[in-house]
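# Survey of secondary and tertiary structure
This is what each chain is made of:
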Amino acid sequence: GNIIAKDTSAIRRVFQALAFMAAILALHTIIEATTGKFLFESARAQANLLQNSNFQLQAGVSRAGSFFGNPNGNGAFLATSFFLPLALFIDSTRFWAKIVHIMEMLAILLALMFTYSNGSWIATLAGVLIFLFLVGRVRYSVLLTLLIVSLAGIALVFFPARIAIQLAHAKD
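## Thoughts on the environment of Ile163
Tracing the sequence through the fold places Ile163 in helix H8 (residues 160-171). Sequence separation of Ile163 and Met113 is 50 residues, and the distance between their C-alpha atoms is 8.2 Å.

This is the structure in structure tokens:
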């Protein structure tokens with residue numbers, strides 16, 4: 001801990017590595033949800049999925065659990081890790097770094113959608129609202145608000161069936 005915390009660039013690299021790992025796990029979740037193939041699946045994980053009927057919702061839609069084995073655990077990880085690239089986006093000064101962090105955030109949000117975890121969505125939205133108040137700069141608060149509104153609009157246009165299933169699952 002002392003070696004890492006001696007300068008801010010070392011701490012930033014640790015957060016960048018954690019955000020990258022979260023994006024990799026998000027990509028694994030997206031691949032699992034879109035193709036139905038669990039990369040690097042063990043026999044124990046396969047037995048767990050069979051025991052839980054592949055965490056299916058209505059209309060045969062499966063919830064993606066990735067390496068966590070449970071969609072709610074996967075969603076909790078994705079919800080908390082979403083704020084790493086968000087903070088790195090705010091902190092970065094280079095344009096290419098901002099693009100990389102936006103791509104990580106989009107991958108995490110897309111993977112979070114495939115978990116259909118209501119608690120994770122509530123936690124993410126509550127965390128974003130708190131982040132908006134604590135970010136410190138009005139410019140970033142306005143930018144994040146516009147980003148949230150545009151992402152919600154894009155999600156409603158491109159994923160209406162998934163959003164309907166998410167809302168139906170919230171009612172259960």
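## A short note on the packing of aromatic side chains
For the coordinates displayed, the defined rule picks out 1 aromatic pair. The ring of Phe89 has Lys98 sitting right over it, with the charged end atom 4.6 Å from the ring centre. Its end group placed over the ring of Tyr140, Arg139 keeps NZ or CZ at 5.0 Å from the ring centre.

## Details of a nonpolar patch on the surface
Taken together, the side chains of Phe20, Met21, Ile24 and Leu27 present a nonpolar region at the surface, about 370 Å² in accessible area. Tracing the chain through its elements places Met21 in helix H1 (residues 8-35). Of the residues examined, Met21 reaches a relative accessible area of 46% and is grouped as partly exposed.

## Structural notes on the nonpolar core
Counting 23 residues, the largest nonpolar core has Phe82 and Ile90 as its most contacted members. At the level of elements, H1, helix H4 (83-91), helix H5 (95-115), helix H6 (118-134) and helix H7 (138-158) are the ones that each hand at least two residues to this core. At 8 residues, H5 tops the list of elements feeding residues into this core. Apart from the residues within four sequence positions on either side, Phe82 is in contact with Met105, Ile108, Leu109, Thr124 and Val128.

## Quick notes on the confidence of the model for the protein chain
Interpreting fine coordinate detail is not advised for predicted regions of low pLDDT. Residues at a pLDDT of 70 or more form 85% of the protein chain, whose mean pLDDT is 83. Across the protein chain, the secondary-structure element scoring lowest on mean pLDDT is helix H2 (residues 43-51), at 61, and the one scoring highest is H5, at 93.

## What to know about unusual backbone geometry
For Tyr116, which is not a glycine, the phi torsion comes out positive at approximately 50°. Among the structural elements, Tyr116 can be located in the loop between H5 and H6. Since its relative accessible area comes to 0%, Tyr116 is described here as buried.

## As for the environment of Leu25
Within the secondary structure, Leu25 sits in helix H1. We classify Leu25 as buried; its relative accessible area is 16%. Residues Leu25 and Phe67, spaced 42 residues apart in sequence, show a C-alpha to C-alpha distance of 7.9 Å. Every residue in contact with Leu25, bar those within four places of it in the chain, is listed here: Ser66, Phe67, Phe68 and Phe77.

Criteria and thresholds
- Residues numbered from 1 in each chain as written.
- Predicted model: local features only at pLDDT ≥ 70, side-chain atom pairs only at ≥ 80, totals over all residues.
- Heavy atoms only, no water.
- Helix = DSSP H or I, 4+ residues; strand = E, 2+ residues; numbered from the N terminus.
- Phe/Tyr/Trp six-rings, centres within 6.5 Å; stacked < 30°, edge-to-face > 60°.
- Lys NZ or Arg CZ within 6 Å of the ring centre and 35° of its normal.
- Patch = residues over 30% accessible without salt bridge, like charges linked within 9 Å, V, L, I, M, F, W, Y side chains within 5 Å.
- Areas by Shrake-Rupley, 256 points an atom, 1.4 Å probe, with all protein chains shown as cover.
- Salt bridge = Lys/Arg side-chain N within 4 Å of Asp/Glu carboxyl O.
- Buried < 20%, exposed > 50% of the residue type's maximum accessible area, 1.4 Å probe, protein only.
- Core = buried A, V, L, I, M, F, W, Y, C linked by side-chain atoms within 4.5 Å.
- Contact = heavy atoms within 4.5 Å.
- pLDDT = per-residue confidence, 0-100.

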